[in-house]
Amino acid sequence: YSILFGTNGDLILMTFSQVGGRIDGKLESLIIWGILCSIYFYYGIDYMLKLIKRENNHVTTILAIGCGSLILTVLLPFNTMMYPASSEIHNDLARVAIVLIIISVLMFILEIKKFDRKVFVKCLVVYIISLVILITAFIFFSVSSIFQIIFASIMSYFIIIALLIIEKCEKINLVDSFMFSESKKQENSKLLI
């Protein structure tokens, strides 16, 4: 979806916001992209936390703020001539979203260390490779549609690869993981009462 959306404009000279801000009806596509990415990133990491029987409110809160920032970014109009203040907030929220998503993924990887050292090392290597690709893309393309395609793709593939690594771990027991998750939900609901 990122590739299909990004190719509606110049990949290097335009950003997703500029593509979505044009008059030819791409705004809805931009909003769908932001929502899809946010849901995928949040629930992908949350699911893996459940698999490793870890509950870390810092990871999920920072990730939720990052994903929420991404959704707010695509909902705010980006037109520097008509809405200069909105465009500036839009840009700031986009930066916050990217940084918080990257930080929360790193925090998630540190949680894996408490679960299994070999899985942690594998996921850390994949994360470092992903980060190097992102930094290289940013150096060469700055903030552009191609960078945004690379960001969404790299983070999505990281989640898939990390999930495959975690699922192959001998310590994983799906029944235990979800029983742990349900017991945490019950504890949290008792605290609210």
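Before any of the text, the structure's been laid out above.
Remember, predicted model here, so these are calculated numbers, not experimental data.

Engineer: Explain the pattern of salt bridges here, please?
Structural biologist: Between side chains of opposite charge, a pair can form as their charged atoms come close. The final tally for this structure, using the stated rule, is five salt bridges. Among the salt bridges present, the one from Lys50 reaches Asp46, with a minimum N-O distance of 3.2 Å. One end of the pair is Lys50 and the other is Asp46, both in helix H3 (residues 27–51) and four residues apart, which spans about a single turn. According to the relative accessible area criterion, Lys50 is partly exposed, its value standing at 23%. We note a salt bridge from Arg54 to Glu111, for which the minimum N-O separation is 2.8 Å. With a gap of 57 residues between them, Arg54 in the loop between H3 and helix H4 (57–75) and Glu111 in helix H5 (residues 84–115) connect regions that are remote in the sequence. With a relative accessible area of 29%, Arg54 lands in the partly exposed category. Three or more residues are tied together by salt bridges with common partners; here these are Arg54, Glu111 and Lys114.

Engineer: Can you walk me through a nonpolar patch on the surface in this structure?
Structural biologist: A contiguous nonpolar surface patch, about 460 Å² in accessible area, is contributed by Tyr40, Tyr157, Ile160, Ile161 and Leu164. Tallying contributions element by element places helix H7 (residues 145–167) first for the nonpolar patch, with four residues.

Engineer: Quick question: what am I supposed to make of the packing of aromatic side chains here?
Structural biologist: The description of two aromatic rings rests on the distance between their centres and on the angle between their planes. For the structure on display, the rule yields seven aromatic pairs. When the ring of Phe16 is compared with that of Trp33, the centres are 4.8 Å apart and the planes differ by 80 degrees; the resulting orientation is edge-to-face. Residue Phe16 is found in helix H2 (residues 16–21), and its partner Trp33 is found in helix H3; the two are separated by 17 residues along the sequence. For Phe16, a relative accessible area of 1% corresponds to the buried category. In textbook terms, an aromatic cluster arises when at least three aromatic residues are bridged by ring pairs, as seen for Phe5, Phe16 and Trp33. Cation over ring: Lys171 sits above Phe115, and NZ or CZ is 5.9 Å from the ring centre.

The rules behind these values
Residues numbered from 1 in each chain as written. Predicted model: local features only at pLDDT ≥ 70, side-chain atom pairs only at ≥ 80, totals over all residues. Heavy atoms only, no water. Salt bridge = Lys/Arg side-chain N within 4 Å of Asp/Glu carboxyl O. Helix = DSSP H or I, 4+ residues; strand = E, 2+ residues; numbered from the N terminus. Buried < 20%, exposed > 50% of the residue type's maximum accessible area, 1.4 Å probe, protein only. Patch = residues over 30% accessible without salt bridge, like charges linked within 9 Å, V, L, I, M, F, W, Y side chains within 5 Å. Areas by Shrake-Rupley, 256 points an atom, 1.4 Å probe, with all protein chains shown as cover. Phe/Tyr/Trp six-rings, centres within 6.5 Å; stacked < 30°, edge-to-face > 60°. Lys NZ or Arg CZ within 6 Å of the ring centre and 35° of its normal.

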